[in-house]
Amino acid sequence: MASLISRISIGIVLLSTATGAARADFSDGKMPDGTYHCEVYLLGMFLNLGDITIKGNVYTGPVTFGAAQQGYNYQMDANGVISWLGPLGGYTAGGNSLSLTQATLDGQSPPSFDIIMKQPDGAFTASTCTKADNP
């Protein structure tokens, strides 16, 4: 019986290791460099919230028109949770605050992250920023 439990435990460990390998690897603590187009689905349509550009551990934006003003650092933990270490446009203006930013790197789709913003009235809004194709 102990041998069976031991084999099952080893199988579970191997399965979780294989699943973890297929899952995104956030161990380097950063998103792939590039421009991420942010939008929210509201009232039956997608609304553009601007672009966030990431290079290394620095981000700029979001920018809807013109150029970004300044770059700021960000951090990402091993679970893909991003902490922005500077302002994030309208997400952090006018009484809005960030609740959570979760990255997704699944290998099948372009890299992306979801930003959950808390509005002054207590409501939450979610937007998705997806890496644009860079020629």
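Up top is the structure these notes are about.
The paragraphs below set out a description of the structure included in this document.

**Considerations on the sheet that holds strand β1 (residues 34-42)**
In a beta sheet, neighbouring strands are held together by backbone hydrogen bonds and run either parallel or antiparallel to one another. Overall, antiparallel pairing links the eight strands, which are arranged β5-β4-β3-β2-β1-β8-β7-β6 in an open sheet. At either margin of the open sheet sits one strand with a lone partner, and together these are β5 (82-84) and β6 (97-104). Adjacent strand axes in the sheet meet at a mean angle of 30 degrees when their direction is disregarded. When strand β4 (residues 72-76) meets β5, the two strands line up antiparallel, connected through three bridges. Note on β5: the bridge partner recorded for Met76 is Ile82.

**A short note on the environment of Asp51**
Relative to the assigned elements, Asp51 resides in strand β2 (residues 45-55). With a relative accessible area of 28%, Asp51 lands in the partly exposed category. Contacts of Asp51, omitting those with residues within four sequence positions, involve Thr35, Tyr36, His37, Cys38, Thr60, Gly61, Pro62 and Val63. Among the polar contacts made by the side chain of Asp51, one reaches the side chain of His37 at a distance of 2.9 Å.

**Digging into the side chain of Asn96**
Within the secondary structure, Asn96 sits in the loop between β5 and β6. Polar contacts involving the side chain of Asn96 include one to the main-chain carbonyl oxygen of Gly90, which spans 2.9 Å. Sequence-distant contacts of Asn96, that is, excluding residues within four places in its chain, are made with Gly90, Tyr91, Met117, Lys118, Gln119 and Pro120.

Basis of the calculations
Residues numbered from 1 in each chain as written. Predicted model: local features only at pLDDT ≥ 70, side-chain atom pairs only at ≥ 80, totals over all residues. Heavy atoms only, no water. Pairing = 2+ DSSP bridges. Helix = DSSP H or I, 4+ residues; strand = E, 2+ residues; numbered from the N terminus. Axes fitted to C-alpha atoms, helices over the stretch in contact; angles between N-to-C directions. Buried < 20%, exposed > 50% of the residue type's maximum accessible area, 1.4 Å probe, protein only. Contact = heavy atoms within 4.5 Å. Polar contact = N/O pair within 3.5 Å; in protein donor to acceptor, adjacent residues only side chain to side chain.

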